[in-house]
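Structure at a glance
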Amino acid sequence: MRNGKRRIVFKVGTSTLAHHTGRTNIRHMEELVKVLSDIHNSGVQVVLVSSGAIGMGAAKLGLQAKPVDTPSRQAAASVGQCELMFLYDKMFSDYGQIVAQMLITKADLENDTRRSNFTNAFEKLFQYNAIPIINENDSVAIEEIVFGDNDTLSAEVAKCIGADELVILSDIDGLYTKNPKNCDDACLISIVEDIDESIISIAGGTCGNLGTGGMATKVKAAQIAGEAGIDTIVMNSTPITNLYRYMDGENIGTRFKAHSQKKREG
Ligand code: GLU
């Protein structure tokens, strides 16, 4: 907690924000914005890590699929990031919120000066009561410096700003013992005390990654956050009101417990 305020990083992926066509899923996005605005109004410091730039850009440019080569991905991201932030700004404004775009690369967080610039800007945004919305700076990031996925990015951001929790919204309820799409006896794991080999293998999966909603990168994110003393919760973004249940203290999704209690100045 900072000044009595809980600080939570919420990560949302393209599957929540876009239809299979790549175009924006307006209903999902509006619901997300409404709930996050409400959580923010309740006194929580909200940070949103949002994907969607490449997918939305590709759709807007009329491409049949997400491009695979780097220059095309960068171009699509440049177009899509505008659409993404335009919509966020418009929708959050309806609820009286101020949003701030922050685009970062791995190098920004690995370099002491740049990391400190980033955290200083963050603290100022919190003082101004703004909601930072973060994405990887896809239009300049090249292979060597990319996080590659926003699960990892969200964990690095949570660590950097000393968040209390990391909430990863997914298209699956959490981590299952087996792939729930193939295995009827798959059970949701509600708490992971330690990310050991068995958890990594479930996530990376003998049953395959597909049905587990990209769980391997979520577990990796939970490891990064956990080492910094931050719990990670993976939950379904549908219905988005799951977030209210979570904020009300219900056990929902899978909670990856942090390794140690975080020690921060008050
Ligand atoms: N930064 C990418 C985008 O906005 C998403 C990366 C990811 O999906 O993890 O399209």
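Here, the structure is the one placed above.
Summarised in this report is the structure supplied together with it. Since this is a predicted model, take the numbers as computed values, not measurements.

With that settled, the discussion passes to the nonpolar core. When a protein is soluble and globular, its nonpolar side chains tend to lie buried together. Ranked by internal contacts, the top residues of the largest apolar core, which has 42 residues, are Phe 118, Phe 122, Ile 134, Ile 161 and Phe 256. Listing elements by their share of this core, those giving two or more residues are strand 2 (45-50), strand 3 (99-104), helix 6 (112-127), helix 7 (150-160), strand 5 (165-170), helix 8 (197-204) and helix 9 (215-227). The contact partners of Phe 118, leaving out residues within four places of it in the chain, are Met 102, Ile 104, Leu 109, Ile 134, Val 157, Cys 160 and Ile 161.

What follows covers the pairing of strand 7 (residues 231-236). With six of six residues buried, strand 7 lies mostly within the body of the structure. In this sheet, strand 7 lies alongside strand 5 in parallel orientation, the contact comprising six bridges. Residue pairing for strand 7: Val 167 is matched across the bridge by Ile 233. In this structure, strand 7 lies alongside strand 8 (residues 254-256), joined through three bridges in antiparallel fashion. Of the residues in strand 8, the one forming a bridge with Ile 233 is Arg 255.

A few words now on the pattern of salt bridges. Overall, the coordinates contain eleven salt bridges when judged by the stated rule. Where Lys 218 meets Asp 151, a salt bridge forms, and the shortest distance between an N and an O atom there is 3.1 Å. With Lys 218 in helix 9 and Asp 151 in helix 7, the pair connects residues that are 67 residues apart, well separated along the chain. Each member of the pair, Lys 218 as well as Asp 151, carries the same accessibility label: buried. For Arg 245, the salt bridge is made with Glu 250, and the minimal N-O distance between the two is 2.6 Å. For Arg 245, a relative accessible area of 36% translates into the label partly exposed. Of the residues examined, Glu 250 reaches a relative accessible area of 35% and is grouped as partly exposed. When salt bridges with common partners are traced through the structure, they connect Lys 11, Asp 151 and Lys 218 into a single cluster.

Okay, the packing of helix 8 against helix 9 next. Across the interface, helix 8 lies against helix 9 with an axial gap of 7 Å and an inter-helix angle of 145 degrees. Relative to helix 9, the crossing made by helix 8 is right-handed. In this structure, helix 8 contributes Ile 199, Ile 200, Ala 203 and Gly 204 to the contact, and helix 9 contributes Met 215, Ala 216, Val 219 and Gln 223. Here the residues of the contact of helix 8 with helix 9 sort into six nonpolar, two polar and no charged.

Parameters at a glance
Residues numbered from 1 in each chain as written. Predicted model: local features only at pLDDT ≥ 70, side-chain atom pairs only at ≥ 80, totals over all residues. Heavy atoms only, no water. Core = buried A, V, L, I, M, F, W, Y, C linked by side-chain atoms within 4.5 Å. Buried < 20%, exposed > 50% of the residue type's maximum accessible area, 1.4 Å probe, protein only. Helix = DSSP H or I, 4+ residues; strand = E, 2+ residues; numbered from the N terminus. Contact = heavy atoms within 4.5 Å. Pairing = 2+ DSSP bridges. Salt bridge = Lys/Arg side-chain N within 4 Å of Asp/Glu carboxyl O. Axes fitted to C-alpha atoms, helices over the stretch in contact; angles between N-to-C directions. Left-handed = near helix turned anticlockwise from the far one by under 90°. Nonpolar A, V, L, I, M, F, W, Y, C, P; charged D, E, K, R; others polar.

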